[in-house]
Amino acid sequence: MGAALGVRLAGIKAAPLVRPQPRGAQVAPRKLVAGNWKMHGLSADIAEIEAIAAASRRFAGVDVALCVPAILIERASRAVPGFPIGGQDVHHSDEGAHTGCTSARMLLDAGAALTIVGHSERRDSQRESDSEVKAKAEAALACGLGVILCVGERLELRDSGAAVSTVLGQLDGSLPDRSNAEAELAIAYEPVWAIGTGKVPTASEIAEMHAAIRDRLTQRYGRQGEQVRILYGGSVKPSNAGEIFAVPNVDGALVGGASLKAADFLPIVAAAADHSG
Ligand code: PEP
């Protein structure tokens, strides 16, 4: 895991998303700040994507990406060549009778460099299981797309002390088997109760969870697990980003609402740059 993206399917090649450096005592990994536009964005909003892409170039030490609605991917990726545009979901099959779904090759063909899988809004509303999320991640990685795989507990599980065991269970069920993917895997820890609510776990709660995820990744992938970035997601804002990025094992953020406007998103990218080695 962790090498630059690249794919050789039908001559289509994904744009580079992220080029993490080896994790080591002296070298901090590059942070990744990815926006999730959810079901927001029309062609008129391409100008906002252009503004974000242009300003992101100022932060050379941070990887930045935007995951937009599938129908905007092609226009967005043409508008900002070289800037990673992603999808928000992918089907696990290459093609077939799956009305309304989008395959990894279709995302790639439209210009995507990555995709989110397993977002809690899909796990909830589409009843996506861990095994489906795993199949989606494997399909996307096999195509050369980067993958941001989301996990996170509901509030009642945090309140009952089962947050870590819940998230580790999700990882056990949804982490892709392939450990030699050319495309990059990142994990987004997103407590369900923090998404879009303005509530954020404490720094020590984030630290505990990210350390547990890191342990699981290294158990699963050996030393390659050290290179899988772990993002935090859930009500990240310019006002709290610096504190979150200072937490050990926080290698970036998945940002929803605050990614829609350059004026909100860029200060978060700047905070990541401030906390990059
Ligand atoms: C998300 O949807 O992944 C997310 C983290 O949303 P928000 O930043 O709005 O809480």
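Just so we're clear, the structure is a prediction, and the values are computed from it rather than from any experiment.

Draft legend 1. Focus on the overall build of the protein chain. For the protein chain, the count of helices and strands is 10 helices and eight strands. Residue burial in the protein chain is summarised as follows: out of 277 residues, 50% are buried. Expressed as a percentage of contacts within the protein chain between residues at least 6 apart in sequence, the contacts between residues at least 24 apart total 74%.

Draft legend 2. Spatial organisation of the pairing of strand β1 (residues 31-36). Burial analysis of β1 places six of its six residues in the buried class, the great majority of the element. Here β1 shows a buried face lined by K31, V33 and G35 and a second buried face lined by L32, A34 and N36. At this point the chain moves from β1, through helix α1 (residues 46-56), to the parallel strand β2 (residues 62-67), and the crossover so formed is right-handed. The pairing of β1 with strand β8 (residues 252-255) spans four bridges and is classified as parallel. In the sheet register, G35 faces β8, and the bridge partner there is V255.

Draft legend 3. Seen up close, the site of the ligand. Lining the immediate environment of the ligand, one finds 14 residues, of which I195, G196, G233, G256 and G257 sit closest. Class assignment for the residues of the shell around the ligand results in five nonpolar, seven polar and two charged.

Draft legend 4. Expanded view of the packing of α1 against helix α2 (residues 70-79). Between α1 and α2, the shortest axis-to-axis distance is 10 Å and the interhelical angle comes to 45°. As judged from the angle between their axes, α1 and α2 are oblique. Regarding α1 and α2, the two cross each other, and that crossing is right-handed. On α2, the residues that touch I46, I49 and E50 of α1 are R75, A76 and A79. Residues of the contact of α1 with α2, tallied by class, amount to four nonpolar, no polar and two charged.

Draft legend 5. How the structure looks around the confidence of the model for the protein chain. Residues of the protein chain with pLDDT of at least 70 account for 88%, and the chain-wide mean is 90. Low pLDDT (under 50) marks residues 1-12, which in the prediction has 41 contacts with non-local residues, meaning those over four places away or in another chain. Under a pLDDT of 50 for its full length, residues 15-20 has, in the predicted model, 24 contacts with residues more than four places off or in other chains.

Draft legend 6. Quick look at the sheet that holds strand β3 (residues 85-87). Taken in spatial order, the eight strands close into a barrel running β1-β2-β3-β4-β5-β6-β7-β8, and their pairing is parallel. Across the sheet, the mean angle from the axis of one strand to that of its neighbour is 25°, orientation sign disregarded. Examined bridge by bridge, β3 and strand β4 (residues 114-117) share two bridges and lie parallel to one another. Looking at β4, one finds that G87 is bridged to T115.

Draft legend 7. Expanded view of the nonpolar core. The biggest cluster of nonpolar side chains holds 75 residues, and the ones touching the most others in it are L145, I148, L149, L231 and I268. For this core, the element with the most residues is helix α5 (residues 130-143), which contributes six residues. Every residue in contact with L231, bar those within four places of it in the chain, is listed here: L32, A34, I148, A186, I187, A188, D251, G252, A253 and L254.

Draft legend 8. Seen up close, unusual backbone geometry. Despite not being glycine, K38 has its phi angle at roughly 50°, a positive value. In this structure, S235 is a non-glycine residue whose phi angle is positive, near 55°.

Draft legend 9. Structural context of the pairing of strand β6 (residues 185-189). Counting buried residues in β6 gives five out of five residues, a clear majority hidden from the surface. Here β6 shows two buried faces, one formed by L185, I187 and Y189 and the other by A186 and A188. As judged from the five bridges shared by strand β5 (residues 146-151) and β6, these two strands associate in the parallel manner. From the neighbouring strand, V151 faces β6, where its bridge partner is Y189. Pairing between β6 and strand β7 (residues 229-233): four bridges, direction parallel.

Draft legend 10. Region of the structure containing helix α10 (residues 262-274). Along its 13 residues, α10 runs 18 Å from first to last C-alpha, staying within 8% of the 18 Å computed at 1.5 Å per residue. When α10 is considered as a whole, its buried residues turn out to be F265, I268, V269, A271 and A272. Looking straight down α10, one finds that the buried residues subtend no more than 155° of arc, so they occupy a single side. Contacts from the buried residues of α10 go to β1, α1, β2, α9 (238-245) and β8.

Draft legend 11. Up close: the packing of α5 against helix α7 (residues 163-174). In the contact formed by α5 and α7, the axes pass within 7 Å of each other and the chain directions differ by 50°. Here α5 lies oblique to α7, going by the angle between them. In this structure, the crossing between α5 and α7 has a hand that is right-handed. When α5 is examined against α7, the residues D130, S131, V133, K134 and A137 are found in contact with a partner set consisting of Q170, G173 and S174. Residues of the contact of α5 with α7, tallied by class, amount to two nonpolar, four polar and two charged.

How each quantity is defined
Residues numbered from 1 in each chain as written. Predicted model: local features only at pLDDT ≥ 70, side-chain atom pairs only at ≥ 80, totals over all residues. Helix = DSSP H or I, 4+ residues; strand = E, 2+ residues; numbered from the N terminus. Buried ≥ 20, exposed ≤ 12 C-beta atoms within 10 Å, placed from the backbone. Contact = placed C-beta atoms within 7 Å. Right-handed = clockwise from strand over helix to strand, strands pointing away. Pairing = 2+ DSSP bridges. Near = placed C-beta within 6 Å. Nonpolar A, V, L, I, M, F, W, Y, C, P; charged D, E, K, R; others polar. Axes fitted to C-alpha atoms, helices over the stretch in contact; angles between N-to-C directions. Parallel < 35°, antiparallel > 145°, perpendicular 65-115°, else oblique. Left-handed = near helix turned anticlockwise from the far one by under 90°. pLDDT = per-residue confidence, 0-100. Core = buried A, V, L, I, M, F, W, Y, C linked by C-beta atoms within 7 Å. Expected span 1.5 Å × (residues − 1). Arc of directions from axis to C-beta.

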